[in-house]
Every structure is written in C-alpha cells, then in structure tokens.
Amino acid sequence: MLDDLGRLFAWLTASLAGPASGLYGEFDLRPGDRDPAPGQPARYGGVDRPEQTGTTHVRDLHRDLRELGFLLAPPDATAFTAVTWRAVMEFQRYASLSDAATEREPSSATLLDAVTADTGLLHVGAASAFPAEGPFRVRVEEEIVEVTAVEVTAVEVTDAAVTDVNATDVRTGGAWGPGAGLGVTRGVEGTAAAAHARGAEVELIRWSDRLVPVHAPFYERYADPITGVVNAWTRFVLRRWKERRRRCPVVVEAWELRDGQPDRLHPIPGSGGRAGNVWGAREITSTAPRLYVRDLTRTWERPSRPPVVPDHPELDVTGDYRVLGDYAGPRAWPEFGHTWRPEGEMLPEHLLPSREPGGPGPALGRLVEEGDRAVLGTYKVVRAVSEVEAIGYFDCLNAYDRAFVSLGPCHWTAGLATGPSPESAVEEGELWGFVAYLKATNRYAFAQAFGRFGVDVATEWGGNGADLFDRGQRKYTGRPTVPREGGGAYELGRVEEFDLFRDWHWFYRVQMAGRTVDGFRRAMWDMARLRIRDVGETPWDGPAGPPTWTVPGPDGPRPARIKDVITSERGTAIVHRWHIRAPANMVSAGPATEPPATRRIGRAGPVLRAAFEAAAQEDPGLFAGPPTAWGDAAEQALVAQLRARGGASVEYVHEWPRQVSASRGFTLPYELLPDHGGGRRLDPARDSFLLDTTGLPPEP
C-alpha cells in the first residue's frame, strides 16, 4: 500500500514538474541517434553532441528493451535505427495497456537433494520460481525435465551452499521456508535423464512461464502518443518497468509439432538454445514450427470457446513462416490449423449487420427463408470470392509478400513495396481505405483494432471516400500514419517503416481484431459491397466518345455501365474476384491520346472488353440490341469467355461451392442454398444479381 502511494505521488510530481528518470542522459533518443565512435561524435535527441564522450545511451536503451522482453531491439547496437524505432513503439504500446506482466522472483531454484537418473520427484527451494501447477518444462544442467505436478512444501535448509536459492524465502541455520516438490518426467526433448548434485540450478526454459499477469494502475502507464521517440514519459515509465520487473505481457512462441499439436518450443536463432518472445518477421526462418501467442492481458473481448490446443489452453494459434521470393513473413491459413473455427469464419452471423444490438447477423437459413434476393445474392457473391481471397476467414492473413499484410474478404493490402530494400517506396494500399471507412463509421471498432496501438490514416473518409477514391481503377487507397513527436502525424512510406506490419505482434493484433472486434468485421460487409457497387456503376465506355449502348434510367436514357453488361450472380462474382486480383483488367483509365480531364475516369477494362468482343464475334445474334435485350445465352457466353481467361481462382468462383475443401473446416450450410437448376451454386441467369445497397454511403 505504501509502495503504491509512493508511486502515485511520484506520478503526480512528474505530471506537475515534468518526469525525470535518470536514464539515457535525459535525452529524447530517436532515429538517427548514435553513441560516440572513433571519428564520429555522439548524436542524441537529433543533435550532434561532441561533448558526450564515452556515453552508451543508445546501447543501454537496446539492453533495457531486451531485458523487458522487447527482443525486437538489436543487442548491444550503438545506433538508433528503424528497428529500434519499432521496438520503442512496441514498448509504448504495451506500456499503455491496463495489464502487464512481471517476471517471477527468483527466476530459478536449486535442487535441495541430489537426484539419480531415475528419480521422479525433485525437491527444490523457492516455489515462487515456478507456476503453481504443471505441465511446464525446466532445464537441470543439460537435461530437459517436464514438471507434471507441483506441491508447495516447507523445507529446512541448513547448508550454506544453497543460500542463493531465495534469500527472502529460504533461510539457513535450520530455518524453514517454502520450497516445492516437483513431480517430473525425466529426459524429454531429446535429452537423457542424468544424475544431478545437490545445488544444481533448476530453470524454466519457457520465457512465458516466467511471467505472471499484473494490473497496471493508471499512474504506471504510458499515456503519451506512440511515436517511437524515447521522450521523458517513455523514460519515466521504462524505469518503473525495470524497477518492478515488468515484462512484455504478450509472448509469441514458435512450437515444433507432433501429430499437428504443439510439442516442444523451437529455439530462436542466436538465443543460446532458449525460446523467448518472437518479434521480427524473419526471426524464425524455418517453415516447420507453428507460431502461437500467450497473451497475459485482457486486450481482446474473447468469446466463450474451447481452447485451440486442449493441452495448452493458454495458447492462441497465429500462423507459420513463409518465403515468397525476396519477401518473407507470417501466414495464417485454415488448412494448417491457423484460424478459429467457426468464430473466425465469414458466416453471415459474423459479417452482416446484426438484427438487434449486440446480437449476431442472420444465419444463412434465415436469409433463405426471408427470400430477400439482394441480401442473399450479395452475401453469396462476397462469400464465394472471400473463399479465394481470405479462404473464408477473418483471421486468414498474409504477411509474407510485398503487400506486407493482407486481410478481409477482399484481402485489402497495406501497400505494395516497389522493391525489397529497406529504403524502397511503398505504394498506397486498400487496407487504409477500409480503415478510413471504419474510423468514419465506427470509432470504437477503429480504436480497438488500430487507434489504441498508435496507427491512423493519412486521409479521412469524409462523406463518401472521395479523397481516397481512385477513379481510374474504382478502389479506395490510402496510407497509414503514426504520431509525430511534438504533434502532427508521420506518414509511412518506406519498406523499413511498413515492416512493422509484418512483425508477429502486429500480425497477432490484426488477427485478433478479425476474431473478436464485431464492428471491425461488419464494416467489411460494407466495404466489399462498395467495391461491387463502384465497379458495377463504371461506364462501359469512356466519356470522350459516343456510348456503345444506351439503356433506360430513372432520368431517361443513359450510357451502359458494367452492371448492365454482366448481370448474373456468377458473372458479378467473377468480375468482383478479378477486380481484386487485377483492377486494371476490369476497370481502366483511358488511352494517352485522351484529354487528361477524361483520361482518369474509369471505364470497362481490356480483359472485360476482350471477353465481350470474343463472345459477340462467336455468336453476334446473342448480342443484338442493347444489353437490356440480351438473354441467358448471352450472359453464359460472356461468363464462358471470362472463365477461359481467368485461371484457377476464377474457376473456383465459377464452380462455387463445388470445390470447397474439407480441410478448411467451413461450417456454412451450403445445402441450404437455392437450387437454380444447376445445383446450389451462384445463379447463372441473366439479371439474377441484385446488389444490397442498404446503409452504403453515396458514390464518390
């Protein structure tokens, strides 16, 4: 109690007089800073400081971050790099939460009795060095031991040789203190059971087993913007973490599998055989382990569900590591057990608007019973394409290619890297168009998924997303920002900055948002429908010349649009999928000979036009008159031409749901879908697609 009052008083003093920590010379360390070296003066706070000789502030920062569990920080580095910047931001993020973790004290215990190779019970001092119950694994000299049971006992210690076990709990001279009897399985993880002398150290090998969750009162949290600069409040809170043995409360672990289940921890390269907290996308370079997270916080409002791993209910499955050319990073696919089932599946209950506050959306059976063609047909189109893009799951993510991270039913990307080097530029990404829409329509969901972690968008949505809208390709793109020290926002634009979205901790955050943040998931329904709407409303022809066809409109005849040419559920789904993969194939700007004022206005793209021209050449009679006069045969001919050009992903959509793999674990009751004469599939009939536009913002 007195300690808490003292910390509260220190916080109040810091709030009034300014925080002081005594760390790093009280400099605001930032990117570009460095410790002094031969021929190179120290640079602290963004200023060269030749008077600072023999100082090690940047190296000390790296060591402190690693001590606290932020292993993203490079060991003993003397320059503040982009990786340091990311590590500091991660500390600021976790230090702002209401939950933290503390490391067990002491961090190891000592054998109180010698053991032989067949001993099944170990007597150790300092019961507080271990979890209250098994199973967990420890190292005794060179042997790995699995602890199956823990019994706290009173032990008498008289041998001065073991006084270092726990000076506060176990006393010498015949005094009694708490120890533990550990029931064990000997010689696991490829080691052999061996004899050990009294006094041998017994140490937990799993970093997360050394941690205990604790509440972080407001006066111990970091409350300033997450800038990656080691400002005064960062130093103040970091010092408190060091004093109180605080540690990063979220631990990413790599596990080697046996029979598809986690069996043993995979050591991080360069860690001396220990398994700690995985951060960087390339820290685990083997594709064999599966990554899991042990989250000691209450950051995510979890549904009641069975554990992913019954033997390890504390673990959340995350994904594995994959390489694609010059790029590499995390991947989460349902075929490999990386997703929550069915909570992560894009069922209408999770995707469509709820019918009552806090409730689920309508199930597929209810959609079929209600007979609303627009809602059911739109869901079928979105779902069919999502099974190609996101394999039908909110928590199916890619972070191993040049797009950094992709998610959602259209797998919106964070941005495409123009090259693999750290300084390469990154293009705008559709993910930030979605995040801008989320922020405009559901501030709470935005805060849960991105805002509280210090990531924002450079361009706001406004009323209709016009400032984000690429008229030439009919998509919404933008950039992410992080707060700038001193005010304002810093717009990310280089590979070394975007790499933060590949890190395993960011991957886990976005994945958990897809699993647990209701508003985040339901906003995806709107964004997917906006894409279908905007592509469908694209004129078939550019504005520079006369239209190929005119069709009736509410205000009289108007030029035909894509939605007038392709009108079936099946055709719309193919166009939707193709526009996600290659927007310029379906919608493109005009030729260079066209005036700039009209060139940027999108019209039907070259692949879409080629499909029509091939179908019309093959059977001109099917396409006599305007599109409103065409029949089912014309629609099927158009779809056949798209199918012939489209490859495997278009074939999947065309045949949906005939090619659904059992390994994906889908629970959508496909058998309830309407039968349109060719099975329970997307309707191939002309004019069968009606878009549900309920609640969508106006066109940009």
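Residues numbered from 1 in each chain as written. Predicted model: local features only at pLDDT ≥ 70, side-chain atom pairs only at ≥ 80, totals over all residues. Heavy atoms only, no water.

A. Spatial organisation of the overall build of the chain. Assigned secondary structure in the chain consists of 19 helices and 28 strands. Dimensions of the chain, computed from the C-alpha atoms along their principal axes, are close to 105 × 60 × 45 Å. Here the chain holds 700 residues, and the buried ones make up 55% of them. Taking as baseline every contact in the chain between residues at least 6 positions apart, the subset at least 24 positions apart corresponds to 68%. Of the roughly 27,700 Å² of accessible surface on the chain, a fraction of 52% belongs to carbon and sulfur atoms. The distance from the centre of the 79 positive side-chain charges to the centre of the 95 negative ones in the chain is 3 Å. (Helix = DSSP H or I, 4+ residues; strand = E, 2+ residues; numbered from the N terminus. Buried < 20%, exposed > 50% of the residue type's maximum accessible area, 1.4 Å probe, protein only. Contact = heavy atoms within 4.5 Å. Areas by Shrake-Rupley, 256 points an atom, 1.4 Å probe, with all protein chains shown as cover. Lys, Arg positive; Asp, Glu negative; His and termini not counted. Charge placed at Lys NZ, Arg CZ, Asp CG, Glu CD.)

B. Spatial organisation of the confidence of the model for the chain. On average, residues of the chain carry a pLDDT of 92, and 95% of them reach 70 or more. The low-confidence segment residues 159-174 (pLDDT under 50) makes 32 contacts with residues lying over four places distant or belonging to another chain. (pLDDT = per-residue confidence, 0-100.)

C. Summary view of unusual backbone geometry. Looking along the chain, the bond that leaves R341 and enters P342 is cis, with omega of 0 degrees. As for its position among the elements, P342 is in the loop between β16 (327-332) and α5 (348-351). The omega torsion across W656 and P657 is 0 degrees, close enough to zero to call that bond cis. Structurally, P657 is set in the segment after α19 (648-655). Of note, Y24 is a non-glycine position whose phi angle comes to about 55 degrees, a positive value. Turning to its location among the elements, Y24 is positioned in the loop between α1 (2-17) and β1 (42-44). Backbone geometry at I391 places phi at a positive 50 degrees, although glycine is not the residue there. Classification of I391 as buried rests on a relative accessible area of 7%.

D. Region of interest: the sheet that holds strand β23 (residues 480-483). Pairing within the open sheet is antiparallel, and its 3 strands lie in the order β20-β23-β24. On the outer flanks of this sheet lie β20 (456-457) and β24 (489-491), each paired with one strand and no other. Direction of pairing for β23 relative to β24: antiparallel, over a ladder of 3 bridges. Paired with P483 across the two strands is A489, which belongs to β24. (Pairing = 2+ DSSP bridges.)

E. Here's a closer look at the side chain of T119. Tracing the backbone through its elements, the reader meets T119 in the loop between β4 (108-110) and β5 (121-125). At 3.0 Å, the side chain of T119 and the side chain of T116 are in polar contact. Residues within four places of T119 in sequence aside, it is in contact with V184 and R186. (Polar contact = N/O pair within 3.5 Å; in protein donor to acceptor, adjacent residues only side chain to side chain.)

F. Structural view of helix α2 (residues 57-67). Within the span of α2, buried status applies to H57, V58, L61, H62, D64 and L65. The buried side chains of α2 occupy one side of the element, clustering within an arc of 165 degrees when seen end-on. Its buried side turned inward, α2 meets β1, α3 (82-95) and α4 (232-243). One or two residues past the end of α2 sits G69, with phi positive at roughly 100 degrees. (Arc of directions from axis to C-beta.)

G. Geometry of the environment of L12. Locating L12 in the fold gives a position in helix α1. Look at L12 and you get partly exposed, because its relative accessible area is 40%. As for L12 and M586, which are separated by 574 residues in sequence, their C-alpha atoms are 60 Å apart.

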